Amino acid sequence: MTVHDYMRAMMESESTYKVAALYHFAVLDDPAALKPEIQAACDRNGIKGTILLASEGINGTIAGTPAGIDAVIRYLKELPPFAGLEVKYSAASEMPFLRMKVRLKKEIVTMGVNGIDAARAKGDYVDPQEWNDMIADPDTIVIDTRNAYEVAIGSFEGAINPDTETFREFPAWFDDFARQLKEKAEKQPRIAMFCTGGIRCEKATAYVKAQGFDDVYHLKGGILKYLENVPEENSSWNGDCFLFDQRVAVGHGLKESDYDQCHACRMPLNAEERASDKYVPGEACPHCYDTRTDEQRQRYRERQRQVEKAQQEGRQHLAQKIESV
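Numbering of residues starts from 1 in each chain and follows the order in which that chain's sequence is written. Local features in a predicted model are, by the rule used here, given only for residues with pLDDT of at least 70; side-chain atom pairs are given and counted only at 80 or more, and totals for whole chains, interfaces and linings are based on all residues. Hydrogens and waters are ignored; side-chain quantities use all the structure's heavy atoms.

1. Comments concerning the packing of helix H2 (residues 31–44) against helix H3 (residues 66–78)
To obtain an axis, a line is fitted to C-alpha atoms, over the contacting stretch when the element is a helix, and the angle between two such axes runs from 0 to 180 degrees between their N-to-C directions. Here a helix means four or more residues in a row that DSSP labels H or I, a strand means two or more in a row labelled E, and each is numbered from the N terminus. Axis separation between H2 and H3 bottoms out at 9 Å; the angle between their running directions is 155°. Classed by the angle they form, the pair H2 and H3 counts as roughly antiparallel. Here H2 runs over H3; the crossing is right-handed. Only Val72, Tyr75 and Leu76 of H3 make contact with H2, whose side of the interface consists of Glu37, Ile38, Ala41 and Cys42. Looking at side-chain class alone, the contact of H2 with H3 contains six nonpolar, no polar and one charged residues. Should an angle lie under 35 degrees it is considered roughly parallel, over 145 roughly antiparallel, and from 65 to 115 roughly perpendicular; all remaining angles are considered oblique. Handedness of each helix crossing follows the sense of rotation of the near helix against the far helix: counterclockwise by less than a right angle gives left-handed, clockwise gives right-handed. Any two residues whose heavy atoms approach within 4.5 Å are treated as being in contact. In this count, Pro and Cys sit with the nonpolar residues alongside Ala, Val, Leu, Ile, Met, Phe, Trp and Tyr, while Asp, Glu, Lys and Arg are called charged and the others, Gly among them, polar.

Here it is in C-alpha cells:
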C-alpha cells in the first residue's frame, strides 16, 4: 500500500479525523473582517484547531471529518487572497484540538522584522524533484532555516545549520553570515533554503532578498513534500524530519520514526536516550538534565502530571497540540 493509499484509507474511516496544515502569504488589507467569516465557516463544519490571520496572510492547522475539512479548504480557496493556499493533509485517530480559534496576529510566522513582504518579494520555488540538482551545484549555498533541535535529527547533505533556538534569531544570524559572504565572495551567490513545511523558508527568502540578494530559492512544500515525493534511493536527505505533533518525526515516505520529545528542552529523543538514567518523562533528558533548576523541574513535573491526568480522562491537555511548520 502506498503512502497516498494509506492516508486515503485512514481519512475515509469514520473513526479518524482529517488534519489540514495550511498557509499562504497574501496581502490582506483588513484581516479583521475575515476573522468572523472564517470562524463561522469552521463552526458550521464542526472544525477545531487554530487559524492565524495577519496582514501578510494566513497560517493554521485544523481538524475535523473529511467532509468538513474539504468544505472549509474549498471555502478558503474560493476567497481571492487564498487561491494559492498551500495545504498538507494527515490523519488522527482522535481529535487533536479542543476548540476552534481564529486569531489576529502581527505575523503568521514570527520573525520579528517589520516590512518583510513574503507575498510579493519572496524567492523562487524549487519543486522537490528538482531540489537535488539545485543543492548539488557547488555554486549553491544551502541553508536550513529550522531550529537547532529540529536539525539535530536530520537535514540535507551540505546544508548550513544556523544553530538558532527560534525563528526570531534567523535575521541576526543571516546579517552576520551575509557580511562574511560579501567579504569572501567575488560575486553574489545562489542561496537555497528549506524548512519543514515551507512557511518559514518562504518568509526567510523574502528577508534575504530584502538584504540585497537576488538569486534566492526555497523548497516548495518543504521537507515533508520532498520526503513524500522523492524515493529514498534518490534522496539527498539524511536522518529524520522533526514535527510539531504527536508523531515527533517522520522519515522517507512520511513513515513515522521512533522518537519521543523532551518537553523540557524540546530535543527529539531516540531509544538509547530514552533509556538513559537522565530521562524523566516530561521533566528532563540527557540533553538538559544538568542545566535545569529545581523550580523548573517542579513546573515541568506539574505539567506532566496534568497531561497524564488528561490522558486518563480521555481528553487533550492544552500542552499537547499540533503546530504549523
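2. What about unusual backbone geometry?
Even without being a glycine, aspartate 163 presents a positive backbone phi close to 60°. Take aspartate 163: it is sitting in the loop between strand E8 (154–156) and helix H6 (170–184). To sort residues, take the accessible area from a 1.4 Å probe on protein chains only and compare it with the maximum for the residue type: under 20% means buried, over 50% means exposed, and anything in between is partly exposed. What makes aspartate 163 exposed here is its relative accessible area of 55%. You will see that leucine 254, though not glycine, has its phi angle at about 60°, which is positive. Examined against the element boundaries, leucine 254 turns out to sit in the loop between strand E13 (249–250) and strand E14 (260–261).

3. Re the environment of glutamine 129
Along the chain, the position of glutamine 129 falls in helix H4 (residues 128–136). Given the relative accessible area of 54%, glutamine 129 is considered exposed. When the C-alpha positions of glutamine 129 and serine 235 are compared, they lie 9.8 Å apart, and in sequence the two are 106 residues distant.

Keep in mind these numbers describe shape, not what the thing actually does.
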